[in-house]
Amino acid sequence: MTAIPGTPRVGRLTAALPFWLSLALVPLAIWVAMQGGWALLLLPVSTWYLFTGLDYFIGLNTANPDLETPEDQLVWYRLITLVWPPVQLLTIFGLMIYVTQTGHLSGFEEWALFAGLGVLSGTIGITYAHELMHQKPKVERWMADILMASVLYSHFRSEHLLVHHRYVATPRDPVTARYGESFWRFFPRVLWQCVMSAFRAEKAMLARKGLPWHDKSNPFWRYWALQGGFVLLAALIGGWWGVFLFATQAFWAVFQLELVNYVEHYGLTRKHLGDGKYEHVLPRHSWNSAHRASNWLLINLQRHSDHHYKPDRRFPLLQTYTADEAPQLPFGYPVMTMAALSPTIWRNVMNPRVRAWREMYYPEITDWSDYRSSGNPMPR
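Residues numbered from 1 in each chain as written. Predicted model: local features only at pLDDT ≥ 70, side-chain atom pairs only at ≥ 80, totals over all residues. Heavy atoms only, no water.

## Considering the packing of helix H2 (residues 25–35) against helix H4 (residues 75–102)
Working step 1: The geometry of H2 relative to H4 is characterised by a closest axis approach of 11 Å and an angle of 5° between their N-to-C directions. Taken together, the axes of H2 and H4 are roughly parallel relative to one another. Where H2 approaches H4, its residues Val26, Ala29, Ile30, Ala33 and Met34 are matched on the opposing element by Trp84, Val87, Thr91, Leu95 and Tyr98.
Working step 2: Of the residues assigned to the contact of H2 with H4, the class counts are nine nonpolar, one polar and no charged. (Axes fitted to C-alpha atoms, helices over the stretch in contact; angles between N-to-C directions. Helix = DSSP H or I, 4+ residues; strand = E, 2+ residues; numbered from the N terminus. Parallel < 35°, antiparallel > 145°, perpendicular 65-115°, else oblique. Contact = heavy atoms within 4.5 Å. Nonpolar A, V, L, I, M, F, W, Y, C, P; charged D, E, K, R; others polar.)

## Side note on the packing of aromatic side chains
Working step 1: Per the stated rule, a full pass over the model turns up 38 aromatic pairs.
Working step 2: Centroid distance Phe93 to Phe230: 5.9 Å. Interplanar angle 20°. Geometry classified as stacked. Here Phe230 lies in helix H9 (residues 219–264) and Phe93 lies in helix H4, a separation of 137 residues in the sequence. Residue Phe93 shares its accessibility class with Phe230, and that shared class is buried.
Working step 3: Taking 5.0 Å as the distance between ring centres and 55° as the angle between the ring planes, the aromatic pair formed by Trp368 and Tyr371 counts as tilted. A single burial state applies to Trp368 and to Tyr371, both of which are buried.
Working step 4: Aromatic rings pair up to connect Tyr179, Phe183, Trp184, Phe186, Phe187, Phe251, Trp252, Phe255, Tyr262, Tyr266 and Trp346 into one cluster.
Working step 5: Positioned above the aromatic ring of Trp142, the side-chain terminus of Arg222 is 5.1 Å from the ring centre.
Working step 6: Geometry around Tyr179 places Arg358 over its ring, the cationic atom sitting 4.4 Å from the centre. (Phe/Tyr/Trp six-rings, centres within 6.5 Å; stacked < 30°, edge-to-face > 60°. Buried < 20%, exposed > 50% of the residue type's maximum accessible area, 1.4 Å probe, protein only. Lys NZ or Arg CZ within 6 Å of the ring centre and 35° of its normal.)

## Topic: the confidence of the model for the protein
Working step 1: For the protein, the average pLDDT comes to 94, and 98% of its residues sit at 70 or higher.
Working step 2: Within the model, pLDDT remains below 50 along residues 2–7, and this stretch shows eight contacts once partners closer than five positions in the same chain are excluded. (pLDDT = per-residue confidence, 0-100.)

## Thoughts on unusual backbone geometry
Working step 1: Located in the positive-phi region is Leu152, a residue other than glycine, with phi close to 55°.
Working step 2: Take Leu152: it is sitting in the loop between helix H6 (138–149) and helix H7 (156–167).
Working step 3: On the accessibility criterion, Leu152 (30% relative accessible area) is partly exposed.
Working step 4: With phi around 65°, Ala169 is a residue other than glycine that occupies positive phi space.
Working step 5: Inspection of the secondary structure puts Ala169 in the loop between H7 and helix H8 (183–208).

If you want it as structure tokens, here you go:
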């Protein structure tokens, strides 16, 4: 995983500009709100299919950036993640003011518009929040909290940092999709389990400091305050209908997030070493994709193995792995999340890949029943 000679330097502005393409979806959202009708389909279609089409024509990017690139050369990459939070909030609440005051859209059209905005805030907003919550500067973590509160899913930060990264590919991680588990089983399960695991993790951390769960340092107080503030703002703008539109946007954003979570580790498990001990997280425990355009959209989230190796590594420096180092998906995450909506298609595409993964990395394991049913002991 070294930089490939002749590839553009990551510090150049021209290398950063493709990651700014997500901003083009904002004027599209405004135009869609003004047009209504069939134009409302353009927002989810552009998010899901446009970058997939670009993947087809542009292909893969298997070059690895230089890890010695200094922080001051990453300013254009950092800036897009810091610009997006106010842009997203202005888009959601600005369009809420527009549709509730003009009344030119029907109730169904307003619902469809905010469902489309949810695809936007889920695909881009939550992905950017994920990048920000892993960074050390407080302003970036606050931006992550604001973005997650805008989709009513603030606990994701606690669950992701304290549970998922620690216990990925073990029975203790709710968002590691089990082999054979359909998305439609996975989705309601994680909605409940992630809230509980996040709260337990924060409570346990406070207990180790000798503090009760209701201590003011518990981030859940901040989560609830931010979420309540956004719900109140929606109510002030549009009453109960404004709250409904805001909740619609939040639901589809979370739906999009959990689709990606489902794909990222489906069927992959760390080897149980006995007595509640598991092997360390390795590149083999995440599904990756080197498709260039969808990595622009998802700021290299598809280089997922390296993210688990070094979670605070900024997205332009994430490394890609070859197929003999980490499992690769046949398409980018946008296509794979759409495939996940059909259990039959998903099983046909992914189950043979999981079985091949098992044979490649763990030929000594002949009975996978405990791994499939989460029957192995919880990690210590």
